[in-house]
Amino acid sequence: MTRIDFVEVAFDSLRINRLRSALTMLGVIIGVAAVILLVALGQGTKNYVEEQFAGLGSNILIVTPGKIETKGGPPIIGSVRHKLTLNDSRILEKKGYLFAGVAPVVFGTAEVRYQNRSRNVSILGVTPAFQEVRNLHVEIGSFLGEADVDARRRVCVLGRTVKRELFGNANALGQTVKVAGTLFRVVGIMEKKGISLGIDIDDLVFVPVRTAQELFDIDGLFEILVSVRNKNDLNSGKELATSLLKRAHNRNEDFTITNQAAILSSLYTILDTLTYVLGGIAAISLLVGGIGIMNIMLVTVKERTNEIGIRKAVGARNRDILLQFLFESTALATAGGIVGILAGVAGAYALRLLVPKLPVSIPAWSILLSFTFSVFVGVFFGVYPAKKAASLNPIEALRYE
Amino acid sequence: MGSEAASEPLLRLRGVTKLYEAGAGRVVGLSDVDLEIGAGEFVAVMGPSGSGKSTLMNILGCLDVPTSGTYEIKGKSVAGLSPDRLSELRNREIGFVFQVFHLLPRHTALRNVELPLIYAGVPREERARRALEELRAVGLEDRKEHLTNELSGGQKQRVAIARALVNKPSLLLADEPTGNLDTRSGDELMEILAGLNASGVTVVLVTHDPAIARRAHRTVYIVDGKLVSVERFREIRG
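Residues numbered from 1 in each chain as written. Chains lettered and ligands numbered in written order. Predicted model: local features only at pLDDT ≥ 70, side-chain atom pairs only at ≥ 80, totals over all residues. Heavy atoms only, no water.

Attention now goes to the confidence of the model for chain B. Residue and element names in this part refer to chain B. With 97% of its residues at a pLDDT of at least 70, chain B reaches an overall mean of 91. Note on residues 1-5: pLDDT under 50 across the span, and 3 contacts to partners over four residues away in sequence or across chains. This complex was scored by the predictor with a pTM of 0.74 and an ipTM of 0.93. (pLDDT = per-residue confidence, 0-100. Contact = heavy atoms within 4.5 Å.)

Below you can see the structure in the form of structure tokens.
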């Protein structure tokens, strides 16, 4: 029997038992679709998180005051905890040859009022460098300038939401708002940025850092954001910042430098693992689909015992019967795999339409892997029933009704 | 083939015994059977049910091998052949016609007739051509695309004959071919078999019906797994 012929014979019986073929395929279809859909979901979650962090920039070091450590004994009376100051920021800026930008930040909340409308918002005291470091830009007007900082001017830049809430559609540029009871002139409106890490970027008000210190009556900083010129220099940048600040703080390491990228990469590792786990769970359903194929093929062999007897009587060898049944199961699994891929991809697209916030995406490896696996399942679970069919005794098979 | 037949019989059984393992002991299917069938013969095998007719037919058809004794087709022994070699032998040398037709259900008549050619490795077009020829010979050319379950009993059996003959076997083996047919279809079928034999096909017919057996040129009688004379057979049958 030539190769073409057993393909023909196998397709004959698949066509004749259309409903059963379809139902058998269903197990594999669901399995493959589940693998693709769940992996896409895992990938989507990762993409979502990545997007959330994208605004932060992966080349940022965050310097915060205070050292996270465990100390023994009672606190020494009179020991002063060093703050982060604008001086620290200036040192980093001047001597940090690896840094692209250094942005000191003061943080506080205050009531912002315009005429009879008021809103409680977060106030960020920043320098012009903040724009580049955090990748946030004004849409209308201008951002805070160097002179605004030095002269402690009472000017502010409004986030999109703040502007809309206070001014509606009216022009805000050049108007004065009251921040914590003090008059500020609006010099710019930020572009729309959305929510990042639970903070509504659009619901912020930016003022010059020195002005903010005065406003909140503090002389320290909330944090210093440092962007590194080259991503590969994150670690050496951290060392540089540490040594510079230690020198300024009398050799005390009373600050903490966090590497944004390090935190992200461990988070991504977790999300990748999640994707694999989801894919693995789905693969189990594919395996169950394969067992379904074996189940049906065993029933088929039983049911078609007479047919096998007839084929053997007219000259089919064991190998011919084996190949026929093996090809049937493989064809079922392969067809199931293809339909499953289509269903999975369609499902992923439907999900994208239903939940636009979740950027699901289908990695090529999930398609390749689930397809290969489904073909493998067809062969693997087809072998036993096919062997059973091939080894039937022709006389008994003919007698079987 | 005809001239060969004079010296060498087509089929030769020598001391063929077939034993079956059955529960507690062994059941004798055939006991020391000697039989020669020449090419072109029309032989009926008669015997009551359980006499060993089916066992003899299975051995003649190479579906089974003897426990002891020798069986030769065209001078070649089938002893020790693997199941696959037996399949190839059946494919080339033997055409079967069964009482219950044994056609593939839900396949067309043509597909059924093609079946032996598929396993003989005949290319697709030649297969279809030869199968159609054989269907024409039994007068069913116009039924080629009919599914077997749409055919009458007589038509089914004619499709089975076409299938049996399509690979030009040495022997047509018919097991109670009229058993499931009405009288008229049965008569028609016997006409076909007689005609085939007249054109040179060797036919071995297994039956328990004396009227059918009478159509053959020679009848062998089997009782309790042994070949017996016609007188002995009548005696036993009462």
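If you look at the interface, chain A gives 26 residues, while chain B gives 26 residues. Across the interface of chain A and chain B, roughly 2,400 Å² is buried in total on both sides, 55% from carbon and sulfur atoms. The tally of links between chain A and chain B comes to 5 salt bridges. Between Glu88 of chain B and Arg317 of chain A there is a salt bridge, and its shortest N-O distance comes to 3.3 Å. In this assembly, chain A and chain B are joined by 14 residue pairs in polar contact (both at pLDDT 80 or more). Elements with a minimum of two residues in the side of chain A that touches chain B: α1 (3-16), α10 (305-313), α11 (318-354) and α13 (394-399) of chain A. (Buried area = accessible area lost by both parts, 1.4 Å probe. Salt bridge = Lys/Arg side-chain N within 4 Å of Asp/Glu carboxyl O. Polar contact = N/O pair within 3.5 Å; in protein donor to acceptor, adjacent residues only side chain to side chain. Helix = DSSP H or I, 4+ residues; strand = E, 2+ residues; numbered from the N terminus.)

As a further point, take the sheet that holds strand β6 (residues 94-97) of chain B. Residues and elements named next belong to chain B. As summarised here, the arrangement of the 6 strands in space is β6-β7-β8-β3-β9-β10, forming an open sheet in which the pairing is mixed. One side of each edge strand has no neighbouring strand; the edge strands of this open sheet are β6 and β10 (226-228). The sheet shows a mean angle of 25° between the axes of neighbouring strands, direction not considered. Both strand β9 (residues 218-223) and β10 contribute to a ladder of 3 bridges, which runs antiparallel. The partner of Ile222 across the bridge, within β10, is Leu227. Contacting β6 and β7 (171-175), helix α6 (residues 153-165) crosses the sheet at an angle of about 170° to β6. Against the sheet, helix α9 (residues 230-237) engages β3 (42-46), β9 and β10, with an angle of about 45° to β9. (Pairing = 2+ DSSP bridges. Axes fitted to C-alpha atoms, helices over the stretch in contact; angles between N-to-C directions.)

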